[in-house]
Amino acid sequence: VVTRDNVEESLKAIWQYVKDKEQLLEDLHSQIEETRQRLSVKQSERDYWLEYKNVGSKEQANKIMNLEKDIKEVKDDLHKAAEHYRNALEAVKEENDRLVERHVMLSKEQALENAVRYLDKRSVREIEENEWLKEEVKMYQKEISDLKASIQLLEEENIGLVTKLVDGRLQNL
């Protein structure tokens, strides 16, 4: 004997079971859809990387090679420019040194001329006498060197004559 309550409980249980199964089926459908979406994302990612592997990596390798070539050219240009500027700097330094030296010499001459211009007659005469004496000293030094050379020649000649005389006396003995 089955009572109405038993039937209702049984129907409720079956209905609950069906509802749970439908809910489970919906959950499974949503999980399948979510998995399909993830699979689609992963598939597109895989396609991207395959495309990159087949085409993009070669393009990137070419870009890298071109960039390395550009870097080398820039370095070469830098070295050339640095050498050029170094040489230009040296030339400018030499020119500046030459100009400074010339300016110093001109300043010394100008200072000497200015100093002489403002000297009294006695000091000017002393300077002129000093210049004359310097010239005289140079002449006497030249004469001294000439005399030393002639003395040396005479001594050598004298030694030669004495040697001949001694040799002659030795032969006479």
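Residues numbered from 1 in each chain as written. Predicted model: local features only at pLDDT ≥ 70, side-chain atom pairs only at ≥ 80, totals over all residues. Heavy atoms only, no water.

By the naming in an unreviewed UniProt entry, the protein chain goes by CCD83 protein and is assigned to Nyctibius grandis.

Before going further, it helps to examine the overall build of the protein chain. Within the protein chain, the secondary structure is distributed over two helices and zero strands. For a compact globule of 173 residues, the expected C-alpha radius of gyration is about 16 Å, and the protein chain comes in at 58 Å, more than 25% above that figure. In terms of overall dimensions, the protein chain has C-alpha extents of about 185 × 75 × 30 Å along its principal axes. Split into buried and exposed, the 173 residues of the protein chain put 1% on the buried side. Taken together, the 30 basic and 39 acidic charged side chains of the protein chain have centroids lying 2 Å from each other. (Helix = DSSP H or I, 4+ residues; strand = E, 2+ residues; numbered from the N terminus. Rg over C-alpha atoms; globule rule 2.2 N^0.38 Å. Buried < 20%, exposed > 50% of the residue type's maximum accessible area, 1.4 Å probe, protein only. Lys, Arg positive; Asp, Glu negative; His and termini not counted. Charge placed at Lys NZ, Arg CZ, Asp CG, Glu CD.)

Take the pattern of salt bridges next. Counted under the stated rule, the structure contains eight salt bridges. Of the charged contacts, one joins E8 and R4 as a salt bridge, the two residues approaching to 3.2 Å between their closest N and O atoms. In this pair, E8 and R4 both sit in helix α1 (residues 4-117), four residues apart, roughly one turn of the helix. A residue is classified by how much of its surface remains accessible, and R4, at 65% relative accessible area, is exposed. Residue D146 pairs with K142 through a salt bridge whose shortest N-O separation is 3.8 Å. With a gap of four residues between them, D146 and K142 both fall in helix α2 (residues 121-172), about one helical turn apart. For D146, a relative accessible area of 43% puts it in the partly exposed group. (Salt bridge = Lys/Arg side-chain N within 4 Å of Asp/Glu carboxyl O.)

What follows is about the UniProt feature "coiled-coil region" (unreviewed entry) in the protein chain. The positions that UniProt labels "coiled-coil region" (unreviewed entry) are, in the present scheme, residues 18-157. Annotated as 98% helix and 0% strand, the span residues 18-157 places its first and last C-alpha atoms 151 Å apart. (UniProt positions renumbered as here; feature names shortened; annotations may be inferred.)

Centre distance and the angle of the planes are the two values used to describe a pair of aromatic rings. Across all of its chains, the model carries two aromatic pairs by this definition. Between W49 and Y52, the ring centres sit 5.7 Å apart and the planes meet at 85 degrees, which makes this aromatic pair edge-to-face. You can see W49 and its partner Y52 sitting in helix α1, three residues apart, about one turn around the helix. On the basis of relative accessible area, W49 is assigned to the partly exposed category, the value being 47%. Among the aromatic residues, those joined into a ring-pair cluster are Y48, W49 and Y52. (Phe/Tyr/Trp six-rings, centres within 6.5 Å; stacked < 30°, edge-to-face > 60°.)

With 114 residues, α1 should cover 170 Å at 1.5 Å per step; its first-to-last C-alpha distance of 149 Å lies more than 12% under that length. Largest kink in α1: about 50 degrees, centred on K53. (Expected span 1.5 Å × (residues − 1). Bend = angle between axes of the 7 residues up to and from the residue.)

Where like charges cluster on the molecular surface, the negative patch consists of E90, E94, D97 and E101. With respect to the helices and strands, E94 occurs in helix α1. (Patch = residues over 30% accessible without salt bridge, like charges linked within 9 Å, V, L, I, M, F, W, Y side chains within 5 Å. Areas by Shrake-Rupley, 256 points an atom, 1.4 Å probe, with all protein chains shown as cover.)

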